[in-house]
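# A look at the structure
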Amino acid sequence: MNVDEYRRQMEERLAAESAAPREPGIVSRFLTSWTGARGRATRKALDPATSAGDIDGLIATLRDPLADQDARRKALARLGAARFMGPRFAPYQDRYRDALREVARDPNEEMRRRALEVLALEEDAFARDLLVQSLASPGQELISDAQAIQLLGHDAHGDYAPLVRELIGRLDKDAVAEGLRLLASDPGSAEMFEGLLRDKNETRSVRKLSAKGLRVVKPEAFEAAAREIVADDGEDDDLRATVLSALSHAGETAATRADSDFIARVGEIAEKTPSENLREAARQFLKSSGAAEEGPVVSGG
Amino acid sequence: MNVAIEIPRTDSAGRTYLTWAPVQAKARLTGAGGSGRVDVTLRDSGAVGHVQLAAIRTHRGASSLLLSLPRSGAWVPFWIAGVFQSPSRNYGDAGIEAVDAGGAALGSRTMMIRVRKNAIDLDAGERARFLAALATLNGAGLGRFKDVRAMHARLFDAEMHGNVGFLPWHRAYLLDLERELQAIDPSVALPYWRFNEPAPALFTDTYLGVSDSNGRVHFVAGHPLGNWTTDNVVGIIRKPDFDTNEAPWGLRTEADTIKLGGTGGAYSKFIAMQGDPHGYAHTSFPGSSIYDTGTAAKDPLFFLLHANLDRLWAYWQWAYKRWDPANENSYAPASPNRIGQRLDDSMWPWNGITGGDRPTTAPGGPLAASPLTSAPGPSPLVRQMLDYQGVANGPDLCFAYDDVPFDI
């Protein structure tokens, strides 16, 4: 492409795109419930706010349980975007947080969830307490158990492992999955993970999550179990692919990647398995172990 | 008689990586003997990636160049660059060869024209290599990615958001990550998510994953990112509030973003893109890691989102010719901006400075080195991030975008 011609085309395109209306699909979607002046106000409102009046107006809309749900969602979206202005948003941060804490107990479940999501991402202690309370109060949950556990997982410094272990027997499968993910931060869960991983009667999903958790809390136990699972043609192929992928990309499994017997076994798997995912994982492993290396191509002088 | 060719941007394994920016190379005769000169033609020999050649530094090179090489073996310089919009897909699919007047081959070099591409334009091999490198960097939570993630935490917000330094800081951040990936696989360049356009191929279980009703991202079994772990928590939370077969709604268009700087092309106005489309792109995923500045770097998609923002900045720079820090419209004035935001400031965390107006810690250490260039150095300055292709004789940082040319 001739660069000078490309510049000319760019200048034409910018002029044409600025003059043309926006793609109808996008415009009609976010103006669906808005017409005329309200639509124009929404469009203006979706520009990042810089004035106190704009921000305070959005916070008021967010807090109002009687306001249109769409307006409340959009207010939250705009406040979230304004938050990316960093220090410039600082004067509004306390009012914003207080509004979110209020909405975390809103009559509307969706708004409760959205507010709790934002607060949990910010590691808000008030929100964390609400989430713990929600988990401990069957029948009076603010949001689903799965969502509550997921949000608690955002707290990098919290210790929710004892709570999750205590509750895990009564949780639904989605919440169990979130629980297993959260427990990957708990070294005390190593034995549980290893037991679940090696239990062929467990579901594939639980075994895969347990593999990932064991990988984090006790890498050497994971490596030993993973090698056995990969080598076993009687094992679930998706599980074999998952653990083989982990062996490919983890630094401390260098010994496994240098083990010629294991590499030969993976080579057999790459040739013979009918599972496409396992075959691809095997190829990735062989590549990471240097069994399929390419050299530079330089010739002449 | 042969022709030896030396090209900068060559690593210790003899692999050469070019972008659109011309680099000065050299050629000489070997085994010729005698006096006088021999006319040799250098020409593009690539099958996918292509190069252009010139006697001077220009964006208007040609596919061949006639050189008169002394029989003494003295070097003769020439300029070489990737042909705009003809990048490589694999190492070795680009190259040059030297032939004599009769067309006999005297020498050759293979190379790669390596640029950042739209993520949905990567072929299967490029995608696989990118994902594998990213997964290795993550190391299931124990790899070097821990430091990359740690740099972009809420505690350090003032260093990178809400101010004029937003773009150069993130340009350095992406460069740091990309170099870490290239240390694992040098054929990898960071792709970008062009969020103003539909990218359904990106949000699949073979690429960056599919979200379930709880926002959990799923991959096919054995996918390199299937073991993605950050902060000791396994997995990615991503809840798009748009149909991933379409683009997120409500974002400022690319055309309007480019025109933010006004007809005068002023950076101080263009930086408003930090709110829209940047902020809106992030908040198109409510309740997700990528939604919040403190957790955004936990999702790999974050880096593709920011690569697109950086590309939009690069595109604006090209449109208005704003590479030179000496031009007042290329950047913002020193006052009233805080430390770390001014042209001659070094940037945290790479400068390792803590305390005072800086954060109390500086994770990650110096900026990752490159085998291809010493620029910008371990502790980059803001000004070094502007002229990333060396158009205005700044430091060529050895990256480029597939749709932003080198243009003198």
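I will try to describe carefully the structure that is included in this document. (Residues numbered from 1 in each chain as written. Chains lettered and ligands numbered in written order. Predicted model: local features only at pLDDT ≥ 70, side-chain atom pairs only at ≥ 80, totals over all residues. Heavy atoms only, no water.)

### Some remarks on the overall build of chain A
Quick reminder of the rule: Working definition: helices are DSSP H or I runs of at least four residues, strands are E runs of at least two. Numbering for both runs from the N terminus. Burial classification: accessible surface area is computed with a 1.4 Å probe over protein chains only, and a residue below 20% of its type maximum counts as buried, one above 50% as exposed, and the rest as partly exposed. Two residues form a contact once any of their heavy atoms are found within 4.5 Å. In short, Shrake-Rupley with a 1.4 Å probe defines the accessible areas, and a residue's cover is counted only from the protein chains shown.
Counting its secondary structure elements, chain A contains 18 helices and 1 strand. Here chain A holds 301 residues, and the buried ones make up 50% of them. Sequence-distant contacts in chain A: of pairs separated by 6 or more residues, those separated by 24 or more amount to 53%. Accessible surface, chain A: about 14000 Å² in total, of which carbon and sulfur atoms supply 50%.

### Digging into the overall build of chain B
Secondary structure assignment for chain B yields 8 helices and 13 strands. By the burial criterion, 66% of the 408 residues in chain B qualify as buried. Taking the intrachain contacts of chain B between residues at least 6 apart in sequence as the baseline, contacts between residues at least 24 apart amount to 70%. When the accessible area of chain B is evaluated, it comes to approximately 12600 Å², of which 50% is carbon and sulfur surface.

### Regarding the pattern of salt bridges
Quick note on the threshold: One speaks of a salt bridge when a side-chain nitrogen belonging to Lys or Arg is within 4 Å of a carboxyl oxygen belonging to Asp or Glu.
Applying the stated criterion to the full structure yields 59 salt bridges over all chains. Here A:R83 ties to B:D157 by a salt bridge, and the two come within 3.9 Å at their closest N and O atoms. Residue A:R83 is located in helix α5 (residues 69–83), and its partner B:D157 is located in helix α3 (residues 157–160); the two belong to separate chains. We classify A:R83 as buried; its relative accessible area is 11%.

### Things to note about the layout of surface pockets
The cut-off we apply is this: For cavity detection a 1 Å grid was placed over the protein atoms alone, and a set of points counts as a cavity when a 1.4 Å probe fits there but cannot get out; an open set counts as a pocket when protein lies on both sides within 12 Å along at least five of seven lines, with lining residues being those that have an atom within 4 Å of a point. Grid points are joined across faces, edges and corners, and a volume is the space filled by probe spheres set on the points. For this classification, the nonpolar set comprises Ala, Val, Leu, Ile, Met, Phe, Trp, Tyr, Cys and Pro, the charged set comprises Asp, Glu, Lys and Arg, and every other residue, Gly included, is treated as polar.
In this structure, the second largest pocket occupies an estimated 570 Å³ of space. Around the second largest pocket, the lining is made up of 31 residues, and of these A:A177, A:R181, A:S205, A:L209 and B:H218 lie nearest the centre. Secondary structure elements with two or more residues in the lining of the second largest pocket: α11 (173–183), α13 (204–217) and α15 (237–249) of chain A together with β11 (217–218) of chain B. Ranked by residue count, the leading element in the lining of the second largest pocket is α11(A), at 6 residues. A breakdown of the residues in the lining of the second largest pocket according to their chemical character gives 11 nonpolar, 12 polar and 8 charged.

### Considerations on the packing of helix α4 (residues 166–184) of chain B against helix α8 (residues 301–320) of chain B
Residue and element names in this part refer to chain B. Condition: Note on method: axes are straight lines fitted to C-alpha atoms, helices fitted across the in-contact stretch only, with angles between N-to-C directions ranging 0 to 180 degrees. Oblique is the label for every angle not falling under 35 degrees (roughly parallel), over 145 degrees (roughly antiparallel), or within 65 to 115 degrees (roughly perpendicular). Handedness of a helix crossing follows the sense of rotation of the near helix relative to the far helix, less than a right angle counterclockwise being left-handed and clockwise being right-handed.
Relative orientation of the contacting elements α4 and α8 amounts to 125°, with a least axis distance of 10 Å. Classified by the angle between their axes, α4 and α8 sit oblique to one another. Viewed along their axes, α4 and α8 form a crossing whose handedness is left-handed. Judged by residue contacts, F166, L167, P168, H170, R171, Y173, L174 and L177 of α4 engage F302, F303, H306, A307, L309, D310, W313, A314 and Q317 from α8. Of the residues assigned to the contact of α4 with α8, the class counts are 12 nonpolar, 3 polar and 2 charged.

### A few points about helix α8 (residues 125–135) of chain A
Residues and elements named next belong to chain A. Applied cut-off: Along the arc lie the directions from the helix axis toward the C-beta atoms. We call two N or O atoms a polar contact when they sit within 3.5 Å, provided that within protein one can donate a hydrogen and the other can accept it, with sequence-adjacent residues counted only if both atoms are side-chain atoms.
Taken together, the buried positions of α8 are occupied by A127, L130, L131, S134 and L135. Down the axis of α8, the smallest arc covering the buried residues is 135°, so these residues share one side. Where α8 is buried, its residues meet α7 (109–121), α9 (145–152) and α10 (161–167). At the N-terminal end of α8, a side-chain oxygen is found 3.2 Å from the backbone nitrogen of F126, two or three residues along, and the residue is D124.

### Looking at the sheet that holds strand β5 (residues 51–54) of chain B
Residues and elements named next belong to chain B. Inclusion rule: For two strands to count as paired, DSSP must find a minimum of two bridges between them.
Spatially, the 4 strands line up as an open sheet ordered β1-β3-β7-β5, and their pairing is antiparallel. Of all the strands in the sheet, just β1 (2–6) and β5 have a single pairing partner and so form its edges. The mean angle between the axes of side-by-side strands here comes to 35°, regardless of whether they run parallel or antiparallel.

### Some points on the nonpolar core
Keep this limit in mind: In this description, a nonpolar core means a group of buried Ala, Val, Leu, Ile, Met, Phe, Trp, Tyr and Cys residues linked to one another through side-chain atoms lying within 4.5 Å.
Counting 124 residues, the largest nonpolar core has B:F78, B:I80, B:W193, B:L202 and B:F303 as the members making the most contacts within it. B:L202 has contacts with B:A119, B:I120, B:W193, B:Y207, B:L208, B:G209, B:L301 and B:L304, leaving out every residue within four places of it along the chain. By size, the runner-up hydrophobic cluster in this structure holds 78 residues, among which are A:I143, A:L183, A:A211 and A:A225.

### Things to note about α15(A)
Residues and elements named next belong to chain A. Note the following rule: Expected span of a helix: the number of residues minus one, times 1.5 Å.
Spanning 13 residues, α15 covers 19 Å between terminal C-alpha atoms, matching the ideal 18 Å at 1.5 Å per step. Along α15, the residues that are buried comprise D238, L239, R240, A241, T242, V243, L244, S245, A246, L247, S248 and H249. Between the side-chain oxygen of the N-cap and the backbone nitrogen of D238 there are 3.0 Å, and the N-cap of α15 in question is D236.

### Let's talk about the pairing of strand β3 (residues 23–30) of chain B
All names here are of chain B. Alternating residues of β3 divide into V23, A25, A27 and L29, all buried, and Q24, K26, R28 and T30, none buried. Where β1 and β3 come together, 5 bridges link them in antiparallel fashion. Each residue of the ladder has a partner; that of A4, found in β3, is R28.

### Describing unusual backbone geometry
Residues and elements named next belong to chain B. In the segment running from W348 into P349, the intervening peptide bond is cis, with an omega of 0°. Inspection of the secondary structure puts P349 in the segment after α8. The residue after A375, namely P376, is reached through a cis peptide bond having omega -5°. Inspection of the secondary structure puts P376 in the segment after α8. We note that N232 has phi near 65°; this positive angle belongs to a residue other than glycine. By the element assignment, N232 lies in the loop between β12 (229–230) and β13 (233–234). Overall, the relative accessible area of 38% leaves N232 in the partly exposed class. In this structure, K321 is a non-glycine residue whose phi angle is positive, near 55°. Relative to the helices and strands, K321 is located in the segment after α8. When its relative accessible area of 45% is taken as the criterion, K321 is described as partly exposed.

### Let's talk about the interface of chain B and chain A
Selection criterion: Summed over both partners, buried area is the accessible surface (1.4 Å probe) that two parts give up on being assembled.
On the chain A side, the residues contacting the 81 residues of chain B number 73 residues. When chain B packs against chain A, the two sides together hide about 6600 Å² of surface, and 54% of this comes from carbon and sulfur. With its nearest N and O atoms 2.7 Å apart, the salt bridge here joins B:K239 to A:E117. One can count 22 residue pairs in polar contact (both at pLDDT 80 or more) joining chain B with chain A. Elements represented by at least two residues in the side of chain B that touches chain A include exactly β1, β9 (105–113), α1 (124–138), α3, β13, α5 (254–258), α7 (275–282) and α8 of chain B. The element that contributes the greatest number of residues to the side of chain B that touches chain A is α7(B), accounting for 6 residues. Broken down by class, the residue content of the side of chain B that touches chain A amounts to 31 nonpolar, 32 polar and 18 charged.

That is the geometry; function is a separate question.
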